[in-house]
Amino acid sequence: MSSLTVSDEQVSATPAKVIQPAWVRVMHWTNAVAMILMILSGWQIYNASPLFGFSFPREYTLGGWLGGGLLWHFAAMWLLMINGLAYLITGFATGRFRKKLLPITPSGVLHDVRAALTFKLGHDDLSVYNYVQRALYAGIIVVGVLIVLSGLSMWKPVQLHWLVMLFGDYPTARYVHFFCMAAICAFLVVHVLLALLVPKSLRAMIIGR
Amino acid sequence: MAKRSFLIPGVDKRLLIKDSIKSMPDFTRRRFIAGGASLGALTLLTGCDVVDSSSADTLLAKVSKFNDAVQAWMFNPDALAPTFPESAITKPFPFNAYYDLDDAPDVDGADWKLEVRGLVDNKKSWTLDELYKLPQVTQITRHICVEGWSAIGSWTGTPLRDFLKLIGADTRAKYVWFQCADKDGYNSPLDMRSALHPQTQMTFKYANEILPRAYGFPMKIRVPTKLGFKNPKYVVSMEVTNDYKGGYWEDQGYNSFSGS
């Protein structure tokens, strides 16, 4: 009995380092679901009156028709906004943003981008983000804030007119919303690709270690 | 050595493949969701009461109702829609409907009468000449379509709240419900607070000319605090009511408040 207890203590005495705390993991995957729903339903809404000379393929849209796309978009927006707000508050309050994302120096980013492009950028210690990651993650947080603000401007251009003024006018807010979506999609591709190249980072985002 | 440069040291190839498969999008599942949602839209379009409608549709309808309430809570009756100089007017202002202009209602102004029903003291019908004699104001405001495009136009007419006062409407009622001359019987409910908004207008003129057929002759309700589909054209009657009577697009799934 006693020997069993001792061995138990030995196991728990050397726990694997928690790289991604539970709140980060929960919010990350909630955000992933919300983002995908917002993007696919957003493409449906875009197709009703395309800003540019193209439409998104029907099979990559959600909702079936404009009304359905709007229902999905205005339902998933709550998930995105509440989760996003909670993430920002917790990120600042726990000091995680400061610890993980700062500093971001131009020379550091340049150095790591060069290293990444020549496949020399290591990512052995998952708990420390390199400069490429810091720039990408900080950048996507800013884009996330922008896409919500431009979205709110389009949703309530009269009630939130002060917000529309931030972007200039209604049509500009619409372009900002579109380009933020494009930036998020580009980020998604790079982000998923890099996660696949370093599968243990994906594991850390699922089980924490 | 060349091979190594493509892989990060310490990567287990088998784990890599397993992880990649896991993070691949599941196309069949997405098609199922998209298909289910469009099927739901189809049942809404046909207006059939489908007993086994998917739980996703039920949830989405509930969230939409919740969004109605949030928008009503956000609505500030004193917040004015931005107005623009004449130079900002969109030319030509687009004709927009679910039918071609050739199929738009062709109303004879001499025969036309605006019917007034419901919770009002004076239920008399109004001829166009009588309505034209009411005091009118001009506003240059932005029309925002549910599809996302927008256009700036110049609208002249009588503030709806002045008319509601004139006919002795019970402004504690929930809705003013408009019926239009479209052959499918286009109609739309307007919540009373939006109906009483200072910029909500019974519009008789576009760009200082008698409202053309394309924009809803003889009368359109211009609501700059709402999306375009909540701005009924070719109006033939209005009813002040506490009943939610639905609307042409609202019944198909567009959010009923659709405020801007």
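Basis of the calculations
Residues numbered from 1 in each chain as written. Chains lettered and ligands numbered in written order. Predicted model: local features only at pLDDT ≥ 70, side-chain atom pairs only at ≥ 80, totals over all residues. Heavy atoms only, no water. Helix = DSSP H or I, 4+ residues; strand = E, 2+ residues; numbered from the N terminus. Buried < 20%, exposed > 50% of the residue type's maximum accessible area, 1.4 Å probe, protein only. Salt bridge = Lys/Arg side-chain N within 4 Å of Asp/Glu carboxyl O. Contact = heavy atoms within 4.5 Å. Polar contact = N/O pair within 3.5 Å; in protein donor to acceptor, adjacent residues only side chain to side chain. Nonpolar A, V, L, I, M, F, W, Y, C, P; charged D, E, K, R; others polar. UniProt positions renumbered as here; feature names shortened; annotations may be inferred. Core = buried A, V, L, I, M, F, W, Y, C linked by side-chain atoms within 4.5 Å. Domains from an automatic or database assignment. Buried area = accessible area lost by both parts, 1.4 Å probe. pLDDT = per-residue confidence, 0-100.

A. Layout of the overall build of chain A. In terms of helices and strands, chain A carries nine helices and zero strands. Traced from its N-terminal end to its C-terminal end, chain A shows the element sequence α-α-α-α-α-α-α-α-α. With the C-alpha coordinates aligned to their principal axes, the bounding extent of chain A is approximately 70 × 45 × 35 Å. Here chain A holds 209 residues, and 44% of them are scored as buried.

B. Representation of the pattern of salt bridges in the model. Residues and elements named next belong to chain B. Enumeration according to the criterion identifies seven salt bridges over all chains in this entry. Among the salt bridges present, the one from glutamate 239 reaches arginine 117, with a minimum N-O distance of 3.6 Å. Remark: arginine 117 occurs in strand 1 (residues 113-118) and glutamate 239 occurs in strand 10 (residues 235-241); sequence separation between them is 122 residues. Glutamate 239 sits in the buried class, given a relative accessible area of 13%. The exposure class assigned to arginine 117 is partly exposed, which follows from its relative accessible area of 29%. One network of salt bridges, with partners in common, ties together Glu115, Arg117, Glu239 and Lys245.

C. Fine view of the interface of chain B and chain A. Residue-level contacts link 47 residues of chain B with 38 residues of chain A. Counting every contact that joins chain B to chain A gives zero salt bridges. At the junction of chain B with chain A, the criterion picks out seven residue pairs in polar contact (both at pLDDT 80 or more). Among the elements of the structure, helix 1 (13-23), helix 2 (27-46), helix 3 (55-74) and strand 3 (137-144) of chain B are those that each provide at least two residues to the side of chain B that touches chain A. Considering every element that reaches the side of chain B that touches chain A, the biggest residue donor is helix 3 of chain B, with nine residues. Considering only residue class, the side of chain B that touches chain A consists of 27 nonpolar, 15 polar and five charged.

D. Geometry of the UniProt feature "domain: Cytochrome b561 bacterial/Ni-hydrogenase" (unreviewed entry) in chain A. The positions UniProt marks with the feature "domain: Cytochrome b561 bacterial/Ni-hydrogenase" (unreviewed entry) are residues 20-206 of chain A. Overall, residues 20-206 of chain A shows 75% helix and 0% strand. The separation of its end C-alpha atoms is 9 Å.

E. Broad picture of the environment of Leu62(A). With respect to the helices and strands, Leu62(A) occurs in the loop between helix 2 (22-48) and helix 3 (66-93). Between the alpha carbons of Leu62(A) and Ser41(A) there is a distance of 4.6 Å; along the sequence they are 21 residues apart.

F. Quick peek at the nonpolar core. Leu114(B), Leu131(B), Phe163(B), Leu164(B), Met202(B), Met219(B) and Met238(B) are the most contacted members of the largest nonpolar core, which totals 54 residues. Those residues in contact with Leu114(B), other than ones at most four positions away along the chain, are Lys124(B), Ser125(B), Trp126(B), Leu131(B), Phe163(B), Met202(B), Met219(B), Val235(B), Val236(B), Ser237(B) and Met238(B). Among the nonpolar cores identified, the runner-up in size contains 31 residues, and Leu163(A), Cys180(A), Met181(A) and Val70(B) belong to it.

G. The domain arrangement of chain A, seen in detail. Residues and elements named next belong to chain A. Entries for chain A in the domain assignment read domain 1 (19-103) and domain 2 (104-119 + 126-208). On a C-alpha basis, the centres of domain 1 and domain 2 stand 11 Å from each other. With 29 residues of domain 1 at the interface, the matching set in domain 2 holds 30 residues. Interface area, domain 1 with domain 2, both sides summed: about 2,600 Å², of which 73% is carbon and sulfur.

H. Examining the UniProt feature "domain: Oxidoreductase molybdopterin-binding" (unreviewed entry) in chain B more closely. Residues annotated in UniProt with the feature "domain: Oxidoreductase molybdopterin-binding" (unreviewed entry) correspond here to residues 104-249 of chain B. Helix makes up 11% of residues 104-249 of chain B and strand 38%, whereas the separation of the span's terminal C-alpha atoms amounts to 17 Å.

I. Molecular detail of the environment of Thr30(A). Residues and elements named next belong to chain A. Secondary-structure assignment places threonine 30 in helix 2. Residue classification places threonine 30 among the partly exposed positions, given a relative accessible area of 22%. Threonine 30 sits 50 residues away from leucine 80 along the chain, and the two C-alpha atoms are 8.0 Å apart. Those residues in contact with threonine 30 that sit more than four places away from it in its chain are Leu79 and Asn83.

J. Here's a closer look at the UniProt feature "transmembrane region" (unreviewed entry) in chain A. The positions UniProt marks with the feature "transmembrane region" (unreviewed entry) are residues 26-46, 66-90, 135-155 and 175-199 of chain A. The distance separating the terminal C-alpha atoms of residues 66-90 of chain A is 35 Å; by composition the span is 100% helix and 0% strand.

K. Layout of unusual backbone geometry. Residue and element names in this part refer to chain B. Cis geometry marks the peptide bond from lysine 91 to proline 92; its omega dihedral reads -10 degrees. Summarising the element assignment, proline 92 is placed in the loop between helix 3 and strand 1. A cis geometry characterises the amide bond from phenylalanine 217 onward to proline 218, with omega recorded as 5 degrees. Its place among the elements puts proline 218 in the loop between strand 8 (209-210) and strand 9 (220-222). Here the phi dihedral of asparagine 208 falls at roughly 65 degrees; this positive angle occurs in a residue that is not glycine. Exposure remark for asparagine 208: the relative accessible area of 51% places this residue in the exposed category.

L. Here's a closer look at the confidence of the model for chain A. Residue and element names in this part refer to chain A. On average, chain A scores 90 in pLDDT, and the residues at 70 or more come to 92%. Of all the helices and strands in chain A, helix 1 (residues 2-13) carries the lowest mean pLDDT, 47, while helix 3 carries the highest, 97. Across residues 1-12 the pLDDT falls below 50, and counting only partners more than four positions away or on other chains, this stretch makes zero contacts in the model.

M. Geometry of the environment of Glu130(B). Residue and element names in this part refer to chain B. Position of glutamate 130 relative to the elements: it lies in helix 4 (residues 128-132). Classification of glutamate 130 as partly exposed rests on a relative accessible area of 30%. The spacing of glutamate 130 and lysine 113 is 17 residues in sequence and 9.8 Å in space, taken between C-alpha atoms. Within polar-contact distance, the side chain of glutamate 130 engages the side chain of lysine 124 at 3.0 Å. Here threonine 127 takes part through its backbone nitrogen, which lies 2.8 Å from a polar atom of the side chain of glutamate 130.

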